[in-house]
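Here's the letter readout for the chains.
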Amino acid sequence: IIGGTGLNGGNSFIDSFAFGDGDAGDIFISVRDLQMSDNSRLATAASSTFETALANAGDITVTANSVSIDGSSSLTSAVDQGIGRAGTITLTVFDLLSMTDASLSTDSGVNGQGGSILVQGGATPASNASSKVGGSLGVALEDSFITASGRNGTAGSVGVVRPTISAETSAI
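Residues numbered from 1 in each chain as written. Predicted model: local features only at pLDDT ≥ 70, side-chain atom pairs only at ≥ 80, totals over all residues. Heavy atoms only, no water.

**Some thoughts on the overall build of the chain**
Regarding its fold elements, the chain presents zero helices and 18 strands. Among the 172 residues that make up the chain, the fraction classed as buried is 40%. Carbon and sulfur atoms form 49% of the exposed surface of the chain, whose accessible area is close to 8000 Å². (Helix = DSSP H or I, 4+ residues; strand = E, 2+ residues; numbered from the N terminus. Buried < 20%, exposed > 50% of the residue type's maximum accessible area, 1.4 Å probe, protein only. Areas by Shrake-Rupley, 256 points an atom, 1.4 Å probe, with all protein chains shown as cover.)

Here it is in structure tokens:
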């Protein structure tokens, strides 16, 4: 999804899923504002009934001025079984990431590799159109978590770049 003034979703889903050998597709969203509520989900997943299956989850990339995620909503990339790789979740936010009762997570399968999560402040245009200045990202978390985990495989990493963070009963 590219363009528009915003993506507002309550109890909405955008999923990319692969079963067996094969890869799930990527999700790419670039909007002015992203608002997710009431169990909304952006998810990529790969699953198999065989521990030796090679299936990779897709990446999730979101670019927005502000992102608000609440009401048990989530961005998730996971491999359920097999030796595949969970996708990477990248949020580039120019102003504020607000999460209340929400999650960003990646998880590896039985022997898979966990995906990484990167939350970064976006560059804002300077007066000279050929240069950019780094944005300062505000991050407000309440009853939320950002986690990259691995069961038997390798966990991914979590990075938050240029943040001002307020975390209340939350975990990164």
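So, next bit.
**Quick word on the nonpolar core**
If you look at the biggest cluster of nonpolar residues, it comprises 25 residues, and the most contacted ones within it are Val62, Ile69, Leu75, Leu97 and Leu104. Only β4 (27-30), β5 (33-37), β8 (60-70), β10 (89-100), β12 (117-121) and β15 (137-142) provide two or more residues apiece to this core. (Core = buried A, V, L, I, M, F, W, Y, C linked by side-chain atoms within 4.5 Å.)

**Here's the deal with the confidence of the model for the chain**
Summarising the model, the chain shows a mean pLDDT of 81, and 79% of its residues fall at 70 or more. Looking over the chain, one finds the lowest element-wise mean pLDDT in strand β14 (residues 132-134), namely 43, and the highest in β4, namely 94. Predicted confidence for residues 125-134 stays below pLDDT 50, and this span has ten contacts to residues more than four positions away or in other chains. (pLDDT = per-residue confidence, 0-100. Contact = heavy atoms within 4.5 Å.)

**Remarks on the pattern of salt bridges**
As enumerated under the stated definition, the model contains three salt bridges in all. Among the ionic pairs, Asp15 bridges to Arg41, the shortest N-O distance being 2.4 Å. Of this pair, Asp15 sits in strand β2 (residues 13-19) while Arg41 sits in strand β6 (residues 41-47); the two residues are 26 residues apart in sequence, bridging distant segments of the chain. For Arg41, a relative accessible area of 30% corresponds to the partly exposed category. (Salt bridge = Lys/Arg side-chain N within 4 Å of Asp/Glu carboxyl O.)

**Some thoughts on the sheet that holds β6**
Pairing between the strands of a sheet is mediated by backbone hydrogen bonds and can be parallel or antiparallel. Pairing in this open sheet of five strands is parallel, and the strands run β2-β6-β9-β11-β16 from one edge to the other. Because the sheet does not close on itself, it has two edges, and the strands there are β2 and β16 (145-149). Direction aside, neighbouring strands of the sheet carry axes that sit 5° apart on average. Here six bridges tie β6 to strand β9 (residues 74-79), and the two strands are oriented parallel to one another. Opposite Thr44, over in β9, you have Ser77 as the bridge partner. (Pairing = 2+ DSSP bridges. Axes fitted to C-alpha atoms, helices over the stretch in contact; angles between N-to-C directions.)

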